[in-house]
Amino acid sequence: MVAGAVVVVGVVATVVGLLTPVTFGWFAYQPLADATFVPGGDHVILSRTTAIGFVVVALGLLALAFLCGRRFARR
């Protein structure tokens, strides 16, 4: 019961984290070469809420797997 609630809380946290925009900034010097910056390239930035949501979902699913294995295992 608790493991199912943990999974639901993790899914909610992940969805909330994915729906909120991630804002960040940095200070950098001008590039030395003729390289150009293209936003939206190979970088994936997750908010802290999304990362915590993924971890909570994983822990909840592990707990559910453990409980199901314990419940349905043959002795």
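Everything quoted here is computed from the prediction, not taken from an experiment.

## Overview of the overall build of the protein
Working step 1: A tally of helices and strands in the protein yields two helices and zero strands.
Working step 2: Buried residues in the protein amount to 13% of all 75 residues.
Working step 3: Relative to all contacts within the protein whose residues are 6 or more apart in sequence, the contacts with residues 24 or more apart total 87%.
Working step 4: Taken as a whole, the protein presents about 6,900 Å² of accessible surface, with 69% of it coming from carbon and sulfur.

## Focus: the side chain of Thr14
Working step 1: By the element assignment, Thr14 lies in helix H1 (residues 2-19).
Working step 2: Sequence-distant contacts of Thr14, defined by excluding residues within four places in its chain, comprise Thr50, Gly53, Phe54 and Val57.

## Observations concerning the packing of H1 against helix H2 (residues 48-72)
Between two packed helices, what matters for the description is the angle formed by their axes and the separation of those axes.
Working step 1: In contact at an axis separation of 7 Å, H1 and H2 are set at 160° when each is read in the N-to-C sense. What the angle tells us is that H1 and H2 run roughly antiparallel. Once H1 is placed against H2, the crossing between them reads as left-handed. Of the residues in H2, those touching H1 at Ala3, Gly4, Val6, Val7, Gly10, Val11, Ala13, Thr14, Gly17 and Leu18 are Thr49, Thr50, Gly53, Phe54, Val56, Val57, Gly60, Leu61, Ala63, Leu64 and Leu67.

## Structural notes on a nonpolar patch on the surface
Working step 1: Together, Val8, Val12 and Val16 give the surface a local cluster of nonpolar side chains, amounting to about 250 Å² of exposed area.
Working step 2: With respect to the secondary-structure elements, Val8 resides in helix H1.

## Regarding H2
Working step 1: For H2, with 25 residues, the first-to-last C-alpha span of 36 Å sits near the 36 Å given by 1.5 Å per residue.
Working step 2: Within the sequence span of H2, burial applies to Thr50, Gly53, Val57 and Gly60.
Working step 3: Against H1 lie the buried residues of H2.

## Details of the environment of Gly53
Working step 1: Structurally, Gly53 can be placed in helix H2.
Working step 2: Here Gly53 falls in the buried class, since its relative accessible area comes to 0%.
Working step 3: Setting aside anything within four residues of it in sequence, one finds Gly53 in contact with Gly10, Ala13 and Thr14.

Procedures and definitions
Residues numbered from 1 in each chain as written. Predicted model: local features only at pLDDT ≥ 70, side-chain atom pairs only at ≥ 80, totals over all residues. Heavy atoms only, no water. Helix = DSSP H or I, 4+ residues; strand = E, 2+ residues; numbered from the N terminus. Buried < 20%, exposed > 50% of the residue type's maximum accessible area, 1.4 Å probe, protein only. Contact = heavy atoms within 4.5 Å. Areas by Shrake-Rupley, 256 points an atom, 1.4 Å probe, with all protein chains shown as cover. Axes fitted to C-alpha atoms, helices over the stretch in contact; angles between N-to-C directions. Parallel < 35°, antiparallel > 145°, perpendicular 65-115°, else oblique. Left-handed = near helix turned anticlockwise from the far one by under 90°. Patch = residues over 30% accessible without salt bridge, like charges linked within 9 Å, V, L, I, M, F, W, Y side chains within 5 Å. Salt bridge = Lys/Arg side-chain N within 4 Å of Asp/Glu carboxyl O. Expected span 1.5 Å × (residues − 1).

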